[in-house]
Protein chains: 6
Amino acid sequence: MRPSKRAPDELRKVSLERAVARYAEGSCLVKFGDTHVLCTASLEERGPPWLRGTGRGWVTAEYSMLPRATLERTRREVTSGRPSGRTHEIQRLIGRSLRAVVDLSAIGERQIVVDCDVLQADGGTRTAAITGAWVALHDCLAWMKARSMVQGEALKDHVAAVSCGIHAGTPVLDLDYAEDSSAETDANFVITGTGGLVEVQGTAEGKPFSVEELMALIELARAGTAKLVDLQKMAVM
Amino acid sequence: MRPSKRAPDELRKVSLERAVARYAEGSCLVKFGDTHVLCTASLEERGPPWLRGTGRGWVTAEYSMLPRATLERTRREVTSGRPSGRTHEIQRLIGRSLRAVVDLSAIGERQIVVDCDVLQADGGTRTAAITGAWVALHDCLAWMKARSMVQGEALKDHVAAVSCGIHAGTPVLDLDYAEDSSAETDANFVITGTGGLVEVQGTAEGKPFSVEELMALIELARAGTAKLVDLQKMAVM
Amino acid sequence: MRPSKRAPDELRKVSLERAVARYAEGSCLVKFGDTHVLCTASLEERGPPWLRGTGRGWVTAEYSMLPRATLERTRREVTSGRPSGRTHEIQRLIGRSLRAVVDLSAIGERQIVVDCDVLQADGGTRTAAITGAWVALHDCLAWMKARSMVQGEALKDHVAAVSCGIHAGTPVLDLDYAEDSSAETDANFVITGTGGLVEVQGTAEGKPFSVEELMALIELARAGTAKLVDLQKMAVM
Amino acid sequence: MRPSKRAPDELRKVSLERAVARYAEGSCLVKFGDTHVLCTASLEERGPPWLRGTGRGWVTAEYSMLPRATLERTRREVTSGRPSGRTHEIQRLIGRSLRAVVDLSAIGERQIVVDCDVLQADGGTRTAAITGAWVALHDCLAWMKARSMVQGEALKDHVAAVSCGIHAGTPVLDLDYAEDSSAETDANFVITGTGGLVEVQGTAEGKPFSVEELMALIELARAGTAKLVDLQKMAVM
Amino acid sequence: MRPSKRAPDELRKVSLERAVARYAEGSCLVKFGDTHVLCTASLEERGPPWLRGTGRGWVTAEYSMLPRATLERTRREVTSGRPSGRTHEIQRLIGRSLRAVVDLSAIGERQIVVDCDVLQADGGTRTAAITGAWVALHDCLAWMKARSMVQGEALKDHVAAVSCGIHAGTPVLDLDYAEDSSAETDANFVITGTGGLVEVQGTAEGKPFSVEELMALIELARAGTAKLVDLQKMAVM
Amino acid sequence: MRPSKRAPDELRKVSLERAVARYAEGSCLVKFGDTHVLCTASLEERGPPWLRGTGRGWVTAEYSMLPRATLERTRREVTSGRPSGRTHEIQRLIGRSLRAVVDLSAIGERQIVVDCDVLQADGGTRTAAITGAWVALHDCLAWMKARSMVQGEALKDHVAAVSCGIHAGTPVLDLDYAEDSSAETDANFVITGTGGLVEVQGTAEGKPFSVEELMALIELARAGTAKLVDLQKMAVM
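Only a predicted model underlies this, so the values are computations on that prediction, with no experimental measurement involved. (Residues numbered from 1 in each chain as written. Chains lettered and ligands numbered in written order. Predicted model: local features only at pLDDT ≥ 70, side-chain atom pairs only at ≥ 80, totals over all residues. Heavy atoms only, no water.)

1. As for the overall build of chain A
Of the regular secondary structure elements, chain A holds 5 helices and 9 strands. Along chain A, from the amino end to the carboxyl end, the secondary structure elements read β-β-β-β-α-α-β-α-β-β-α-β-β-α. Computed over the C-alpha atoms, the radius of gyration of chain A is 18 Å, within 12% of the 18 Å expected from 2.2 N^0.38 for a compact globule of 237 residues. When its C-alpha atoms are laid out on the principal axes, chain A stretches across 50 × 40 × 30 Å. Sorting the 237 residues of chain A into buried and exposed places 61% on the buried side. As displayed, chain A offers around 9100 Å² of accessible surface, 51% of which is attributable to carbon and sulfur atoms. Counting 29 positive and 31 negative side-chain charges, chain A places the averaged centre of each group 5 Å from the other. (Helix = DSSP H or I, 4+ residues; strand = E, 2+ residues; numbered from the N terminus. Rg over C-alpha atoms; globule rule 2.2 N^0.38 Å. Buried < 20%, exposed > 50% of the residue type's maximum accessible area, 1.4 Å probe, protein only. Areas by Shrake-Rupley, 256 points an atom, 1.4 Å probe, with all protein chains shown as cover. Lys, Arg positive; Asp, Glu negative; His and termini not counted. Charge placed at Lys NZ, Arg CZ, Asp CG, Glu CD.)

2. A word on the sheet that holds strand E6 (residues 159-167) of chain D
Adjacent strands of a sheet form backbone hydrogen bonds with each other and so pair up, either parallel or antiparallel. A sheet is described by the order of its strands in space; here 8 strands give the open sequence E7(A)-E6(A)-E8(A)-E9(A)-E9(D)-E8(D)-E6(D)-E7(D), paired in antiparallel fashion. Strands at the two margins of the open sheet, each flanked by one partner only, are strand E7 (170-173) of chain A together with strand E7 (170-173) of chain D. Geometrically, the sheet is characterised by an average inter-axis angle of 15° between neighbouring strands, direction not taken into account. Pairing geometry for strand E8 (residues 185-192) of chain A and strand E9 (residues 197-204) of chain A, over 7 bridges, is antiparallel. Paired with Val190 of chain A across the two strands is Glu199 of chain A, which belongs to E9 of chain A. Sheet strands in contact with helix H2 (residues 85-99) of chain A are strand E6 (159-167), E8 and E9 of chain A together with strand E9 (197-204) of chain D, and its direction is about 150° off that of E9 of chain A. (Pairing = 2+ DSSP bridges. Axes fitted to C-alpha atoms, helices over the stretch in contact; angles between N-to-C directions. Contact = heavy atoms within 4.5 Å.)

3. Comments concerning the interface of chain D and chain F
Contacts between the two partners involve 37 residues from chain D, matched on the other side by 37 residues from chain F. Summed over both partners, the interface of chain D with chain F comes to about 2700 Å²; 50% of that surface belongs to carbon and sulfur atoms. Among the residues of chain D in contact with chain F, Tyr23, Arg68 and Arg73 of chain D are the three that bury the most area, contributing 29% of the side total. Linking chain D to chain F there are 14 salt bridges. Counting every contact that joins chain D to chain F gives 22 residue pairs in polar contact (both at pLDDT 80 or more). Residue assignment for the side of chain D that touches chain F shows that the elements contributing at least two residues are strand E3 (35-44), strand E4 (58-65), helix H1 (77-80) and strand E5 (111-120) of chain D. (Buried area = accessible area lost by both parts, 1.4 Å probe. Salt bridge = Lys/Arg side-chain N within 4 Å of Asp/Glu carboxyl O. Polar contact = N/O pair within 3.5 Å; in protein donor to acceptor, adjacent residues only side chain to side chain.)

4. Considerations on the pattern of salt bridges
Where charged atoms from two side chains of opposite charge come close, those side chains can pair. Under the criterion given, the structure shown has 102 salt bridges over all chains. Through salt bridges that share partners, Arg2, Arg6, Arg12, Asp174 and Glu179 of chain A make up one connected network.

5. Observations regarding the UniProt feature "domain: Exoribonuclease phosphorolytic" (unreviewed entry) in chain A
All names here are of chain A. UniProt's feature table lists "domain: Exoribonuclease phosphorolytic" (unreviewed entry) at residues 10-140 and 159-223, given in the numbering used throughout. Within residues 10-140, the helical portion is 27% and the strand portion 31%, while the C-alpha atoms at the span's ends are 31 Å from each other. A helix fraction of 29% and a strand fraction of 45% characterise residues 159-223, whose end C-alpha atoms lie 13 Å from each other. (UniProt positions renumbered as here; feature names shortened; annotations may be inferred.)

6. A word on unusual backbone geometry
One non-glycine residue, Lys5 of chain B, lies in the positive phi region at around 65°. Note on placement: Lys5 of chain B falls in the segment before strand E1 (14-18). Classification of Lys5 of chain B by relative accessible area gives exposed; the value is 61%. In this structure, Asp174 of chain E is a non-glycine residue whose phi angle is positive, near 55°. Tracing the chain through its elements places Asp174 of chain E in the loop between strand E7 (170-173) and helix H4 (177-182). Asp174 of chain E gets classed as buried once you look at its relative accessible area, which sits at 0%.

7. Let's talk about the side chain of Arg12 of chain F
Residues and elements named next belong to chain F. Structurally, the position occupied by Arg12 is in the segment before strand E1 (14-18). Taking relative accessible area as the criterion, Arg12 reaches 8% and is therefore assigned buried. Within the structure, the side chain of Arg12 is placed 2.9 Å from the backbone oxygen of Asp122, a separation counted as a polar contact. Discounting chain neighbours no more than four positions away, the residues touching Arg12 are Arg6, Phe32, Gly33, Thr35, Asp122, Gly123, Gly124, Asp174, Leu175 and Asp176.

Structure representation (structure tokens):
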């Protein structure tokens, strides 16, 4: 039995609330159980300098946690003057995941910045962030389309993410903080609406894992992200 | 007529929602119209080193804005590696305001950090933050009291804050962003539940102001903070 | 009796020595008793980028203390890599105070930087700095006028500043360090030559203060700055 | 045909030269074709503060590139004042990989720092670094053993790493820079001597990849790392 | 003829004014013509951590320039977040020069920090700083002696410094800024009261210099520092 | 007898290996005994902004040590966020030394960056770096010449460097780390192929040195650098 009492292939209660930020072109408050992430998509007419003359746009992401999103208060990163390695890793992952489903040539030489700010953290903040960021990005692209700033179809597919792990010998889906802390293997999967793999990251926490175990985790993740994609479809309907 | 259509002495719609953060010892989501600030109070058993051996505690505050709290996206301060002068000024003001109503010797050699994170900004973020921070602090102290960590009465009074300004020649209360941008004089007042002044900050934006004008602003602020204190009382009832 | 033996409404001995820096377009060594601040005004043909095309100029200020200006040696801010919150607050205050009396459209798209470096500190460094900075700015504008770089009258008024406080229950003017440390309320006033208020900042150190007390401090400050303005007039005669 | 003319499952020419640094407790110059990484293992009697009292040691890694390891000169990270996100990601990966095969309780409260400095880069620097770092670590542990600083067997297994990718539709092993730049999918695998997976990281560069493709890459990686482990065995014989 | 109209072996007008800072244990305002440096010596009971248990003290120096010490305003180093290479070089030189004439075991485990702040710069700021710093250090040690904090004689000798250069083919002493800018060779000498060399730094600006030219510069420097030492003796009499 | 058993005027075994870096326009691995420095010269078409319109080029240098180049592991400078004062001093010295023998107007508005990375340190890293950097620079200029990027003769002379010191009362050449640590006087000389002095830096570590001692050191350095220049000639033949 997993600590959360959930079945091995059971997601936490997920909700995707749109249009929660007054100024952003797109926004979504995503909840995976007690993990809450506010995602906003901001259109910037001026992208980074290396974009000029390419005719293409860019999608990037930033990630941060409020200090008391966590059980113990975490020091603000601005206090130490630099984002941690973990923050860098996560925001690069979110950016790559979103770009995998966007046609960057459809949005002109503009940049969309998706900010993912964790209001409350109970494990899986990066996967919740990617899942919610897709909704914010969707609405930002719709806003641009309504203003004729998009040529053709910019959004090629859905993308959602979920964590999996091996807990007490059993492969389980969507780990909360307590499960994550005691898992032997920890993996994150980013998968498109059509089932393509965008990112696979698996890490042995204690002893190495086998190819069979990896396969079991992938199967859980495919089913889990399929459900998340359904929730995205309902959210943007 | 002010841009917001409010009467000169009319506050925006104010709400104070308690216990919004799962982990914090005290928390409050404060709204002054479209200005929304999430305040959490975190108890830290280990205060700053200079506290040791004094028998007294400390209350401090940190302040930040989410990047898309604003009309245009604002760059994260961690990107430039340091909090701006404005951030420093505001967090020092919040800390001083709270300490003015706390008996620091009642809480032992502990520190309470109040984080004020602006989710959405429409003017008056520092005054909303102080007003909400008091509620978060109140609940943190109640949490400590229930665990016998407080000697006597730690919270001596209420404290609330409001901005005032001279807009088109008329003194007005609680400016939103549009009003603030066009005000000739901008002032912030921090006032206790018993009407004592804790902080007075008035700045001429264009031409200097007179003592009479300052008096008119103070009267508006006293009435406004009295209403805010009533709302605090209802919130913590 | 106040520690300095001065009457409640008595300034320290004030002197304003002009043209003390060989290279600066304007300069002033201001002394408020044992508080000594070297103010230099530097004309920069290239202002900040956001000035371009506006037809207007800018006046800004920087503030710093020599390490041994203080009783105990203070660490240089460059060692920690960033100006403190206090430094930011003070240099923003000096800049705003000076801009309140300058017609920025009269000086073209140029910038004047006023550096206020505290050689010795005995309380009231920011108010001495503002009072001396006005003299340095005056001389810089005269230098520019002599070279036909100013259209019309750039300097609209005098501006001077003084601190006040409530010490042992009595409102007193121009606090030195010893008085400042033991004052219950601490306030700074920036006032023009024609008596208009530019900045009012009052802070309760211990218990809150009343509106009546604030009024008494304002009256002291108006008389004190009037004397400082007289000294400025004599200095630039 | 791949640009390097190698067979799909062919490693570059690999060499592992031991004891190349005069002072380090263990060292290895690893070459994967034109990718050259100098790995040194340094024993530090004083580990990080959080180690104290745990009875366990720690193994960590740092990673850097010489400025002209690359085709175009790369700016030193010290110039921008902080390691990049990429550097953080890589050094965390190397550290985790090594710790997966070390019994941290066998080395006491000491820290081993493995520095991986890229002298020349032609793709796959992180996988070469892990493979060479194991040799440096092996020799450092042998050095400690000879001085009775290790209890029991500290090194539990080999660990090696290799990159794989899908190039022009074909899964290929150990990509050089030219191949990496044009690969559709890029993956890194860290695998132990007994074939357990320690880290799996797969990223779609263009279109998402399928589970079948991931399986093909894993098979290549298992065979490739088995050969690398053989080379490690010969090197430390 | 040199630009300053001085004879080749003629110093600028030098003055050494003691006790110019109210709080410092020792201080000196040194002037070499239009180069003015304020030197303060601060006693710190707590030296750097590596001093503990050695029974010896330390003397160190810091160096900075006011922004408008120079012809054109110079940006404050705190703005860029770090002291420049030039600043580092100079403050290390001043510290080494002073330590060459102090018996560090005579002052106990204490640190003396000598701050050299350039109020006005016209060439030779580092040599003026060393010459004035000796006076500030002398007075700090006298202050300590009067409080029985020194065992035996802490100050073993005088130390003074001067620049020399080859200007238009002629070796000249104590270059001002105009001469320094056009000199072919630039050298700084730090010499004790008994004529020993502490530091010799010679740099060819354009074409290399000969051993004979170096000898000529050394002779000028020996005579020049002998005069500076006489002025130090008069100053501390 | 010196610790290294060498005669007072004996260099360590010196080698200069060219073309050791695959991508750099020029490179040299220089060894002075156990001191090993990898020097690469990189041509950059875009020099620093202040070069534009001058018609001249620039040669600059950067210097760093690998963490375990030293007996005890040294912390990477990127960890503290800034190069140390020592690093700044050394890279400025290398740059000045190289520029003394280059005709900057012959290479157009381009920049050559010479990176000197110490792989192993046993004293004299800066003098080895200068000696090797000349070879890397030579080859970079030859590379440019072959592509008609140089007008006339860019390289005017050789330049080499060596340290000298007074060890146990005897002047000795080319100190290793053990000798350097116990030397009374430490000096570095940068000398051209035709015997001109480019840089002379002498520092008394303990007691001051005499002019006669300085002369003896210069004679050792002239003979030593003459040998180094011969080795450079053989290396680039």
